[in-house]
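A structural walkthrough
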Amino acid sequence: MRITIVRHASEETDSVQLLKRLKHWLWDKDIHLERTGPQLVILGILSAAALVTELAYHHNAAGLLETLRAKSMVVFYNVQEVALSDVEASIAAWIVVAAVARIVFGALVGIADIAFYRKITGKPFDWEAMINVSVVNVVFLLTTLLTFTNPAVDRLLDHYGSVLSAVPTLVDLNGPLALIVACYLADFCYYWSHRWSHKIRFFWNLGHVNHHRSRNLSQVTQAVDPQSYFLDVAGGKVFVLVMLPILTKLFSLDFRDGGWALVVLVLIDAWTNPSHSVVLYHAEIKSPFLRMFRSVLITPGVHFTHHSREEDHNITDGCNFGARFTLWDRLFGTYVEPPQYIPETGLYGDDSDYCRTPLRFIFYPYIRMFKELHQNHPRYWPAILFGSTSYHPPVPVKSKY
């Protein structure tokens, strides 16, 4: 009997040791590969795979052929698609060309960020961060399935739509003016969705915080938000789902006759879309002409400043919350002019949650919030879940992350 007990204890010890080793390699240890020998080869292979994945799926290079065959097109971020059959044939053809150029330009900017990152920032390009982010992005992009497998939410939105049928239409607009108004209304919804994702703990800690964790930000080291209904707050989902249907009812916007303004907006969208690029930010620093567009547009430099970890840029849990236009930031007092240097990015503080390991990157925010709920009395749970992001529970979570 004694021998059996000793063997069992030994086996248990071995199991514990195995779990500790797995935790070390899969949770605690960041991805790091030497720049010599076999590890350099592995780094090259993983980096190539990560870059292809990022360009193909995150930057939509895989959708080039589909774009050429598309029957409808998004001309501007968060604005409903335009049916090409409703547009003059020559304009429709140029919309497709501009949409293809938008994808190609974004991919080229991503590659340029890699090539010129050290020259612009003085730091080596973070290959491990790109590898980590590509894995994380694949997982987060797949969570879009939650959007299509949640019948309760679908029923709620259908009911919401039926209630909105009673909302009257106050203004009828068409043509280029309708198109411009549609763009600003979509940006208004995005602005508040984005701003409140920085303000409310649930949306920040379980969703948008991931997008801000890169300390070596570039166009190919940016993490997306989880793409489920309510966590993709940076995409404007929460406020777009709630507010845009109301605004669409109040404003009848028919922009099928937008003419060449449709093509112009695709090109503007192409310029503002690579908004995490050090190359485009550097171009703005060097060019007074490009900086002029900041008076109207959320240029790459303006949005890159949104990712700054410097206190001067944290005027209200962040700054520069708009997607494409600076109007709402200027109107609501959250606009910050980008500095004439590329600021440090990431979460505030050197001890903030930063990692280059996919499992911890994805799951740690959930574990941290679960621990907060577990360690604190239920009367604090509403504040832990939906309080301000500046709120700290009475019993904080102790973590080296």
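So, a few notes on the structure that sits alongside this text. (Residues numbered from 1 in each chain as written. Predicted model: local features only at pLDDT ≥ 70, side-chain atom pairs only at ≥ 80, totals over all residues. Heavy atoms only, no water.)

Comments concerning the pattern of salt bridges
Inspection of the entire model under this criterion finds 11 salt bridges. R35 is the salt-bridge partner of E128, the closest N and O atoms lying 2.6 Å from each other. With a gap of 93 residues between them, E128 in helix α5 (residues 127-142) and R35 in the loop between α1 (2-28) and α2 (37-58) connect regions that are remote in the sequence. Measuring nitrogen to oxygen at the nearest pair gives 3.6 Å for the salt bridge that ties E344 to K123. (Salt bridge = Lys/Arg side-chain N within 4 Å of Asp/Glu carboxyl O. Helix = DSSP H or I, 4+ residues; strand = E, 2+ residues; numbered from the N terminus.)

A few points about the nonpolar core
V75, F76, V79, V87, I95, F255 and L262 are the most contacted members of the largest nonpolar core, which totals 38 residues. Elements supplying a minimum of two residues to this core: α4 (89-121), α8 (175-199), α11 (244-250) and α12 (261-272). Looking at which element gives the most residues to this core, the answer is α8, with 11 residues. Excluding its chain neighbours within four sequence positions, the residues that come into contact with I95 are M73, V75, L84, V87, L262, V263 and V266. Within the second largest apolar cluster, 17 residues are counted, among which are A50, F125, I131 and Y281. (Core = buried A, V, L, I, M, F, W, Y, C linked by side-chain atoms within 4.5 Å. Buried < 20%, exposed > 50% of the residue type's maximum accessible area, 1.4 Å probe, protein only. Contact = heavy atoms within 4.5 Å.)

Observations regarding the environment of S388
With respect to the helices and strands, S388 occurs in the segment after α18 (381-386). Every residue in contact with S388, bar those within four places of it in the chain, is listed here: K199 and R201.

So, the environment of S15
Relative to the assigned elements, S15 resides in helix α1. The exposure class of S15 is partly exposed, given its relative accessible area of 42%. Distance from S15 to T169, taken between C-alpha atoms, is 66 Å for residues 154 residues apart in sequence.

Here's the deal with the packing of aromatic side chains
Ring pairs (aromatic) are described by centroid distance and by the angle formed between their planes. Counted by the stated rule, this structure contains 17 aromatic pairs. Summarising the aromatic geometry, the rings of F289 and F293 are spaced 5.3 Å apart at their centres and angled 85 degrees between planes, so their arrangement reads as edge-to-face. One aromatic cluster is present, built from ring pairs that chain together F188, Y191, W192, W196, F321, W328 and F332. Here R213 stacks its cationic end above the ring of F361, 3.9 Å away from the centre of that ring. Here the guanidinium or amino end of R330 rests over the ring plane of Y335, the centre of that ring lying 3.9 Å away. (Phe/Tyr/Trp six-rings, centres within 6.5 Å; stacked < 30°, edge-to-face > 60°. Lys NZ or Arg CZ within 6 Å of the ring centre and 35° of its normal.)

Here's the deal with a nonpolar patch on the surface
A cluster of nonpolar side chains, contributed by L18, L19, L22, W25, L26, L359, F363 and I367, occupies part of the molecular surface with about 770 Å² of accessible area. Looking at the nonpolar patch, the elements with two or more residues in it are α1 and α17 (358-375). Ranked by the residues each element gives to the nonpolar patch, the list is headed by α1, at 5 residues. Structurally, the position occupied by L22 is in helix α1. (Patch = residues over 30% accessible without salt bridge, like charges linked within 9 Å, V, L, I, M, F, W, Y side chains within 5 Å. Areas by Shrake-Rupley, 256 points an atom, 1.4 Å probe, with all protein chains shown as cover.)

A look at the side chain of S228
Relative to the elements of secondary structure, S228 occurs in the loop between α9 (201-206) and α10 (237-242). S228 gets classed as buried once you look at its relative accessible area, which sits at 9%. Filtering out sequence-adjacent residues up to four positions away, S228 remains in contact with T143, L146 and T147.

Some words on the environment of G387
Mapped onto the elements of the fold, G387 is located in the segment after α18. Exposure remark for G387: the relative accessible area of 15% places this residue in the buried category. As a C-alpha pair, G387 and I200 span 187 residues in sequence and 5.8 Å in three-dimensional space. Look past the residues within four positions of G387 in its chain and what remains in contact with it is K199, I200, R201 and P382.

What to know about α5
Between its first and last C-alpha, α5 extends 23 Å over 16 residues, near the 22 Å set by a 1.5 Å rise per residue. Among the residues of α5, E128, A129, M130, I131, N132, V133, S134, V136, N137 and F140 are the ones counted as buried. Buried-residue contacts for α5 involve α2, α4 and α17. (Expected span 1.5 Å × (residues − 1).)

Structural notes on the packing of α2 against α5
Remark: α2 packs on α5, axes separated minimally by 9 Å, with the N-to-C direction vectors making an angle of 40 degrees. In terms of orientation, α2 lies oblique with respect to α5. Here α2 and α5 pass one another in a crossing that is left-handed. Here α2 contributes L43, L46, S47, A50, L51, T53, E54, Y57 and H58 to the contact with α5, which in turn contributes W127, E128, M130, I131, V133, S134, N137, V138 and L141. By residue class, the composition of the contact of α2 with α5 is 11 nonpolar, 5 polar and 2 charged. (Axes fitted to C-alpha atoms, helices over the stretch in contact; angles between N-to-C directions. Parallel < 35°, antiparallel > 145°, perpendicular 65-115°, else oblique. Left-handed = near helix turned anticlockwise from the far one by under 90°. Nonpolar A, V, L, I, M, F, W, Y, C, P; charged D, E, K, R; others polar.)

Some remarks on the side chain of N320
Inspection of the secondary structure puts N320 in the loop between α15 (300-306) and α16 (327-331). The contacts of N320, once residues within four sequence positions are left out, are V302, T305, H306, D329, T334, Y335 and V336.

Digging into unusual backbone geometry
A positive phi is found at N60, a non-glycine position, where the angle reads about 65 degrees. Looking at where N60 falls in the secondary structure, it is placed in the loop between α2 and α3 (64-69). The exposure class of N60 is partly exposed, given its relative accessible area of 38%. The phi dihedral of N78 is positive, around 70 degrees, even though this residue is not glycine. Topologically, N78 is positioned in the loop between β1 (72-73) and β2 (82-83). Look at N78 and you get partly exposed, because its relative accessible area is 22%.

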